[in-house]
Amino acid sequence: MIKGILLRLAIVAQYCLVPSRKKDDATQHVLFLGSTDPLMALIAFIVSRIKGYQVINERNEFPKAIRESNGINRFLFKALVVWWQYRCFDGLFVMTDSLYNYYSQYTRSNSYIVKLPMTVDFDRFNNLTQPSPYNHDYVFYAGSLSESKDGVETLVQAFCQIQNQSIHLLIAGGSKEQVAYKALEGKINALNLESRVKLLGSLERDLIPHYLNAAKILVLARPDSVQASGGFPTKLGEYLASSTPIIVSNVGEIESYLSNKEVAIVDKNKLESELVITFNRVLDDYDESLKRSSLAYKLAYDNFSTDSNAIVFRRLIDAL
């Protein structure tokens, strides 16, 4: 999340301080608010009005109170916050159509909402010459260890059933998710997979591209949920930038960009059985999977690169 915000701020710095179209001798100042906190939205609104700036915000998922909270918190959020928070913004970037439809209910009539897919730093994956960071062929997953969010226990359950018993599964992330870590560790032990499934913990940012590029397969078996329905997984963007074959579940807006021509898509309603079948199919015809990954890279660059997203940024700034 922080990396994505920093990358977008870099784009704002390059493209958002542009000559105003309203006054030839003026500069159009835009305050980009990365926070989703309601109080920060109010502060940004007040400061922007004092300074004569315009304020824009980005949303890549539904509000936390809608995604995770119990009924009482959700009621309080709707009653006390949602009706004014998004009216503080002159412009709003949203990642998906679902988010566009949700947030557009609560913005001002003269606010501009623009769909902005995730931004991927493709330069991180270029000219990597280091050897593989692991001495076996491996499937790789990076992200949350939560079963409800990313289906990691289902992934392990499916992995133990694949035909190729020499390949390993590496799971990175979740160092702060102690309950989920213990549950996943217990799952691995119960299936006697300690020798083939490795929990790496959190990896340094600079190591991620090496693990992605050297993997045999990258996988994201995310189950369907409110959170999944509103977003496009940012980790999938990095997967695509690595040109490595990908297996992914059909949640959220994934199928708006990707098809089985570029990645191997599994049914979110039959994750475990579909994962087993798909793992075997990808490994059995790996040359074809590599061809698809090349198509996926090009599609991702056309939609998620800094260059393509800068055009979307400029479109909103020009509209303000």
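Preceding this paragraph is the structure being described.
Cut-off values and rules
Residues numbered from 1 in each chain as written. Predicted model: local features only at pLDDT ≥ 70, side-chain atom pairs only at ≥ 80, totals over all residues. Heavy atoms only, no water. Helix = DSSP H or I, 4+ residues; strand = E, 2+ residues; numbered from the N terminus. Rg over C-alpha atoms; globule rule 2.2 N^0.38 Å. Buried < 20%, exposed > 50% of the residue type's maximum accessible area, 1.4 Å probe, protein only. Pairing = 2+ DSSP bridges. Axes fitted to C-alpha atoms, helices over the stretch in contact; angles between N-to-C directions. Contact = heavy atoms within 4.5 Å. Patch = residues over 30% accessible without salt bridge, like charges linked within 9 Å, V, L, I, M, F, W, Y side chains within 5 Å. Areas by Shrake-Rupley, 256 points an atom, 1.4 Å probe, with all protein chains shown as cover. Salt bridge = Lys/Arg side-chain N within 4 Å of Asp/Glu carboxyl O. Lys, Arg positive; Asp, Glu negative; His and termini not counted. Charge placed at Lys NZ, Arg CZ, Asp CG, Glu CD. Polar contact = N/O pair within 3.5 Å; in protein donor to acceptor, adjacent residues only side chain to side chain. Expected span 1.5 Å × (residues − 1). Arc of directions from axis to C-beta.

Asks: When you look at the overall build of the chain in this model, what are you seeing that I'm missing?
Replies: In terms of helices and strands, the chain carries 16 helices and ten strands. Radius of gyration (C-alpha) of the chain: 21 Å, near the 20 Å computed for a compact globule of 320 residues. Its C-alpha atoms put the chain at 65 × 45 × 30 Å along the principal axes. Buried residues in the chain amount to 50% of all 320 residues.

Asks: For this particular structure, what's the right way to read the sheet that holds strand β1 (residues 30-33)?
Replies: Note on sheets: strands pair through backbone hydrogen bonds, and any given pair is parallel or antiparallel. One open sheet holds the four strands; their spatial order is β1-β2-β3-β4, and the pairing between them is parallel. Across the chains shown, the open sheet's two edge strands, defined by having one partner strand only, are β1 and β4 (112-115). Strand-to-strand twist of the sheet, defined as the mean angle between neighbouring strand axes without regard to direction, takes the value 20 degrees. Note that β1 and strand β2 (residues 54-59) share four bridges and pair parallel. Within β2, the residue paired with Leu31 across the bridge is Val55. Across the sheet, helix α2 (residues 38-51) is in contact with β1 and β2; its angle to β1 comes to roughly 175 degrees.

Asks: Honestly, a negative patch on the surface in this entry has me stumped. Any pointers?
Replies: Together, Asp284, Asp285, Asp287 and Glu288 make up a region of like negative charge exposed at the surface. With respect to the element layout, Asp285 can be found in the loop between α14 (271-284) and α15 (286-304). Since its relative accessible area comes to 42%, Asp285 is described here as partly exposed.

Asks: Looking at this structure, how should I read the pairing of strand β8 (residues 217-220)?
Replies: When a strand is regular, its side chains alternate between the sheet's two faces. Of the two faces of β8, both are covered, the one formed by Ile217 and Val219 as well as the one formed by Leu218 and Leu220. Sheet topology places strand β5 (residues 138-142) next to β8; two bridges connect them, and they run parallel. When the sheet's bridge partners are listed, Val139 is paired in β8 with Ile217. Sheet topology note: the β8/strand β9 (residues 246-249) ladder contains three bridges and is parallel. When the sheet's bridge partners are listed, Leu220 is paired in β9 with Val248.

Asks: Can you help me understand the side chain of Glu253 in this one?
Replies: Counting through the fold element by element, Glu253 comes out in the loop between β9 and α13 (254-257). If near-sequence neighbours (up to four positions away) are discounted, Glu253 is found in contact with Met95, Thr96, Asp97, Ser98, Lys115, Gly231 and Phe232.

Asks: In this structure, what is going on with the environment of Pro233? I would like to understand it.
Replies: Here Pro233 is to be found in the loop between α11 (226-230) and α12 (234-241). For Pro233, a relative accessible area of 4% translates into the label buried. Discounting chain neighbours no more than four positions away, the residues touching Pro233 are Met118, Leu220, Arg222 and Ile254.

Asks: Just to check I follow, could you spell out a nonpolar patch on the surface for this structure?
Replies: A cluster of nonpolar side chains, Leu39, Met40, Leu42, Ile43, Ile46, Val47 and Ile50, forms an exposed patch at the surface whose accessible area comes to about 620 Å². Along the chain, the position of Ile50 falls in helix α2.

Asks: For this particular structure, what's the right way to read the pattern of salt bridges?
Replies: The tally for this structure, following the rule as stated, stands at twelve salt bridges. The partner of Lys115 in a salt bridge is Asp97, with the nearest N and O atoms 3.4 Å apart. Of this pair, Lys115 sits in strand β4 while Asp97 sits in helix α6 (residues 97-103), and the two are 18 residues apart along the sequence. The salt bridge partner of Asp150 is Lys235, with a shortest N-O separation of 3.0 Å.

Asks: Help me out: how do you make sense of the side chain of Ser308 in this one?
Replies: In this fold, Ser308 is placed in helix α16 (residues 306-319). Residue Ser308 is classed as buried on the basis of its relative accessible area of 16%. A polar contact is formed between the side chain of Ser308 and the backbone oxygen of Ser305, at a distance of 3.0 Å. Dropping the residues within four chain positions of it, Ser308 is found in contact with Tyr301, Asp302 and Asn303.

Asks: Explain α2 here, please?
Replies: Because each turn of an α-helix spans 3.6 residues, side chains separated by three or four positions end up pointing in the same direction. In this model α2 runs 20 Å from its N-terminal to its C-terminal C-alpha over 14 residues, within 8% of the 20 Å that 1.5 Å per residue would give. Among all positions in α2, only Ala41, Ala44 and Ser48 are buried. One face of α2 carries all of its buried residues, which in axial projection span an arc of 65 degrees. Every exposed residue of α2 that faces more than 90 degrees away from the buried side is listed here: Leu39 and Ile50. Among the structural elements, β1, β2 and α5 (82-85) are those in contact with the buried residues of α2. Looking at where α2 begins, the residue whose side-chain oxygen comes 3.0 Å from the main-chain nitrogen of Leu39 is Asp37. Backbone geometry just downstream of α2 places Gly52 in the positive-phi region, at approximately 80 degrees.

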